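If you want the building blocks of each chain, they are given just below.
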Amino acid sequence: MIAVIDYGVGNLGSVKNALDYLGLENIITSKPEEILSADKIILPGVGAFSDAMEAFLHLGLDKVLNQCIEQGKPILGICVGMQMLFEGSYEYGYHKGLAIFKGNIIRFDDTSYKVPHIGWNQIEVVKENPLLKGVHNEHVYFVHSYHVDNSLFSIATTTYADTTFPCVVAKDNIYATQFHPEKSGSVGLKILKNFGDIR
């Protein structure tokens, strides 16, 4: 069972539809007991970092997520859900994140490029990982104005606004994508299936 965490900020319907299509049993929930009893966790997210963190902390889900990490459950952050796993974000001031990964979230330079970065962009796989099994340098769908400033945990990168940045990170049982796999066609479905196959 995959628990898709519902904290009022996330593309829940599209994530659930993709998991249903793949035949992966899942539940959208904010209940700690349901999250803790699941085999895997997806942390989605859209919108502003500070709003997402405030909603997440208000529900006490940071403690629940840390318990899941300690139990070794596979966890997948998506978009803002990925950014929340880092130390903090400079979106509208500085706001602390969950600090599971080292690094911060910074804005693209919009001097010569349109920001946000919206649309299909090619990724480059830089490190083998079960999450990216069968995925090569393919195109996926992005919607974001901010990106990770630390490539220490990067397993795939992409380039926009003259900046190459991590778009997939991994550490132990924790994975995250800056792009939306649930909106990335067959490539995204492959990534979600790989996550479902991780034990």
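Note: the structure precedes this text.
Residues numbered from 1 in each chain as written. Predicted model: local features only at pLDDT ≥ 70, side-chain atom pairs only at ≥ 80, totals over all residues. Heavy atoms only, no water.

Participant: How should I be thinking about the overall build of the protein in this particular structure?
Facilitator: Per the secondary structure count, the protein includes six helices and 14 strands. Oriented by its inertia axes, the alpha-carbon framework of the protein measures out at about 45 × 35 × 30 Å. Within the protein, buried positions represent 55% of all 199 residues. Taking the intrachain contacts of the protein between residues at least 6 apart in sequence as the baseline, contacts between residues at least 24 apart amount to 67%. Just so you have it, the protein exposes about 9000 Å², and 48% of that area is on carbon and sulfur atoms. (Helix = DSSP H or I, 4+ residues; strand = E, 2+ residues; numbered from the N terminus. Buried < 20%, exposed > 50% of the residue type's maximum accessible area, 1.4 Å probe, protein only. Contact = heavy atoms within 4.5 Å. Areas by Shrake-Rupley, 256 points an atom, 1.4 Å probe, with all protein chains shown as cover.)

Participant: For this particular structure, what's the right way to read the nonpolar core?
Facilitator: A general tendency of soluble globular proteins is for nonpolar side chains to be buried together. Of all hydrophobic cores here, the largest spans 68 residues; its most connected members are Tyr7 and Leu65. Those residues in contact with leucine 65, other than ones at most four positions away along the chain, are Ile5, Ile41, Leu43, Phe56, Ile75, Leu85, Leu98 and Ile100. (Core = buried A, V, L, I, M, F, W, Y, C linked by side-chain atoms within 4.5 Å.)

Participant: Looking at this structure, I do not really get the side chain of threonine 29. What am I missing?
Facilitator: Assignment of secondary structure puts threonine 29 in strand β2 (residues 26-29). When its relative accessible area of 3% is taken as the criterion, threonine 29 is described as buried. Separated by 2.5 Å, the side chains of threonine 29 and glutamate 34 make a polar contact. Beyond its immediate stretch of four places on either side in the chain, threonine 29 contacts Ala3, Val4, Ile5, Asp6, Glu34 and Ile35. (Polar contact = N/O pair within 3.5 Å; in protein donor to acceptor, adjacent residues only side chain to side chain.)

Participant: Which parts of the structure should I look at to understand unusual backbone geometry?
Facilitator: Most peptide bonds take the trans form, and the phi angle of most residues other than glycine is negative. Of note, the bond from valine 115 into proline 116 is cis; its omega dihedral lies within 30 degrees of zero at 15°. Within the fold, proline 116 resides in the loop between β7 (104-107) and β8 (117-122). Positive phi, normally seen in glycine, also occurs at cysteine 79, with a value near 55°. Residue classification places cysteine 79 among the buried positions, given a relative accessible area of 3%. Of note, alanine 99 is a non-glycine position whose phi angle comes to about 60°, a positive value. Summarising the element assignment, alanine 99 is placed in the loop between β6 (95-96) and β7.

Participant: Explain the sheet that holds β7 here, please?
Facilitator: Strand pairing in a sheet relies on backbone hydrogen bonds, with the paired strands running either antiparallel or parallel. If you walk across this open sheet you meet the four strands as β6-β5-β7-β11, and the pairing is mixed. The open sheet is flanked by β6 and β11 (146-148), the only strands paired with a single partner. Inspection of the sheet shows β7 paired to β11 by three bridges, in the antiparallel sense. Bridge pairing in β11 places arginine 107 opposite tyrosine 146. (Pairing = 2+ DSSP bridges.)

Participant: Can you walk me through the packing of aromatic side chains in this structure?
Facilitator: Note on aromatic pairs: each is described by the distance of the centres and the angle between the planes. For the structure shown, the criterion picks out eleven aromatic pairs. With 5.1 Å between their ring centres and 65° between their planes, phenylalanine 101 and phenylalanine 153 make a pair best called edge-to-face. Highlighted residues: phenylalanine 101 in the loop between β6 and β7 and phenylalanine 153 in the loop between β11 and β12 (154-160), separated in sequence by 52 residues. Neither residue differs from the other here; phenylalanine 101 and phenylalanine 153 are each classed as buried. Both rings, one in tryptophan 120 and one in tyrosine 141, keep their centres 5.8 Å apart while their planes meet at 70°; by these two values the pair is edge-to-face. On the criterion of sequence distance, the pair formed by tryptophan 120 in strand β8 and tyrosine 141 in strand β10 (residues 139-144) is long-range, its members being 21 residues apart. Residue class for tyrosine 141 comes out partly exposed when judged on its relative accessible area of 22%. Each residue in the set Phe108, Tyr113, Phe142, Tyr160, Phe165 and Phe179 is aromatic and connected to the rest through ring pairs, giving one cluster. If you follow lysine 171 out to its NZ or CZ, it ends over the ring of phenylalanine 101, 5.4 Å from the centre. (Phe/Tyr/Trp six-rings, centres within 6.5 Å; stacked < 30°, edge-to-face > 60°. Lys NZ or Arg CZ within 6 Å of the ring centre and 35° of its normal.)

Participant: Help me understand the pattern of salt bridges, please; the structure alone is not making it clear to me.
Facilitator: Side chains that differ in sign of charge can pair as their charged atoms come close. The tally for this structure, following the rule as stated, stands at three salt bridges. Aspartate 20 serves as the salt-bridge partner of lysine 16, at 3.5 Å between the closest nitrogen and oxygen. With lysine 16 and aspartate 20 both in helix α1 (residues 12-21) and four residues apart, the pair spans about one turn of that helix. Classification of lysine 16 by relative accessible area gives partly exposed; the value is 25%. A salt bridge links arginine 107 to aspartate 110; its shortest N-O distance comes to 3.3 Å. Judged by relative accessible area, aspartate 110 falls into the partly exposed class, the value being 40%. (Salt bridge = Lys/Arg side-chain N within 4 Å of Asp/Glu carboxyl O.)

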